[in-house]
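The chain contents come next:
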Amino acid sequence: MARPRQDSEFQEKIIEIKRVTRVVAGGKRMRFRVLVAVGDGKGRVGIGLGKASEVPDAVVKAIQKAKKNLVKVPMAGTTIPHTVEGKLNTSRILLKPAVRGTGLIAGRTVRMILELAGYHDIISKAQGSTNATNLAYATINALKNLRTPDEVAKLRGKDVKELLER
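Let us look at the structure shown here. Every value quoted in this text rests on a predicted model; they were computed, and no experiment measured them.

Reading guide: rules and limits
- Residues numbered from 1 in each chain as written.
- Predicted model: local features only at pLDDT ≥ 70, side-chain atom pairs only at ≥ 80, totals over all residues.
- Heavy atoms only, no water.
- Pairing = 2+ DSSP bridges.
- Helix = DSSP H or I, 4+ residues; strand = E, 2+ residues; numbered from the N terminus.
- Contact = heavy atoms within 4.5 Å.
- Axes fitted to C-alpha atoms, helices over the stretch in contact; angles between N-to-C directions.
- Buried < 20%, exposed > 50% of the residue type's maximum accessible area, 1.4 Å probe, protein only.
- Polar contact = N/O pair within 3.5 Å; in protein donor to acceptor, adjacent residues only side chain to side chain.
- Salt bridge = Lys/Arg side-chain N within 4 Å of Asp/Glu carboxyl O.

This paragraph deals with the sheet that holds strand E8 (residues 122–128). Strand order in this open sheet of 4 strands is E5-E6-E8-E7, and the pairing throughout is mixed. With partners counted over all chains shown, the strands left at the sheet margins are strand E5 (84–88) and strand E7 (104–105), one partner each. Sheet topology note: the E7/E8 ladder contains 2 bridges and is parallel. Each residue of the ladder has a partner; that of leucine 104, found in E8, is isoleucine 122. Contacts from helix H3 (residues 132–144) reach E5, strand E6 (91–97) and E8 within the one sheet, and its direction differs from that of E5 by about 140°.

Another aspect to go through is the sheet that holds strand E4 (residues 71–72). In space, the 4 strands of this open sheet follow the order E1-E2-E3-E4, with antiparallel pairing throughout. In the strand order of this sheet, the two ends are held by strand E1 (11–24) and E4, each with one partner. Across 2 bridges, strand E3 (residues 44–52) lies against E4 in antiparallel orientation. By the bridge assignment for E4, arginine 44 is matched with lysine 72. In this fold helix H1 (residues 55–68) packs onto E1, strand E2 (27–39) and E3, with an angle of close to 145° to the strand it touches most, E3. Taken strand by strand, helix H2 (residues 108–117) contacts E1, E2 and E3, and its axis lies near 135° from that of E1.

It is worth spelling out the pairing of E8 at this point. The two faces of the sheet receive side chains in turn, since in a regular strand these alternate between them. Bridge analysis of E6 against E8 gives 7 bridges, and the strand direction is antiparallel. Directly across from isoleucine 93, in E8, lies its bridge partner alanine 126.

Residue placement: glutamate 16 occurs in strand E1. The exposure class of glutamate 16 is buried, given its relative accessible area of 14%. A sequence separation of 121 residues divides glutamate 16 from tyrosine 137, and the C-alpha atoms of the two residues are 13 Å apart. A polar side-chain atom of glutamate 16 sits 3.2 Å from a polar atom in the side chain of arginine 33.

Further remarks concern the pattern of salt bridges. Counted under the stated rule, the structure contains 5 salt bridges. With a closest N to O distance of 2.6 Å, glutamate 115 and lysine 13 form a salt bridge. Taken together, the residues glutamate 115 in helix H2 and lysine 13 in strand E1 connect sequence positions 102 residues apart. Of the charged contacts, one joins glutamate 16 and arginine 33 as a salt bridge, the two residues approaching to 3.2 Å between their closest N and O atoms. Of this pair, glutamate 16 sits in strand E1 while arginine 33 sits in strand E2; the two residues are 17 residues apart in sequence, bridging distant segments of the chain. Via salt bridges that share partners, Glu9, Asp40 and Arg44 belong to a single interconnected network.

In structure tokens, the structure reads:
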């Protein structure tokens, strides 16, 4: 039941497709689980997990869920404003800002999400479990924890200029 594709402002990337089974009295029932990331390249990114008996249907469901779960992330040029860590279960991801021209130094799953968010220069380190699903959600958690310089200044009760002088 795949619908015709429409051009949208979002890019979509399939992170993972897995065949899963359920054992029933008559044998095994095969289904597919798809993890998809969507982003506009301008600071919005989301991931979604879709399951169905056919791959195209699972992809459509995953894209719909990813668009519902979009996260707005702050950008400092082509990188992130500060170092941040994200966790999910035993997966941990450390994201560090990098100078212009460094590129995205990240594994496959993390790289896809960061590219879709619009970042070009980040250094990352995955620790613990590198399960693609957990790592994707850990990356989104890390991006949710990012703060803009204005927010940091407000929390500290200072001016943005005072923070940037150091």
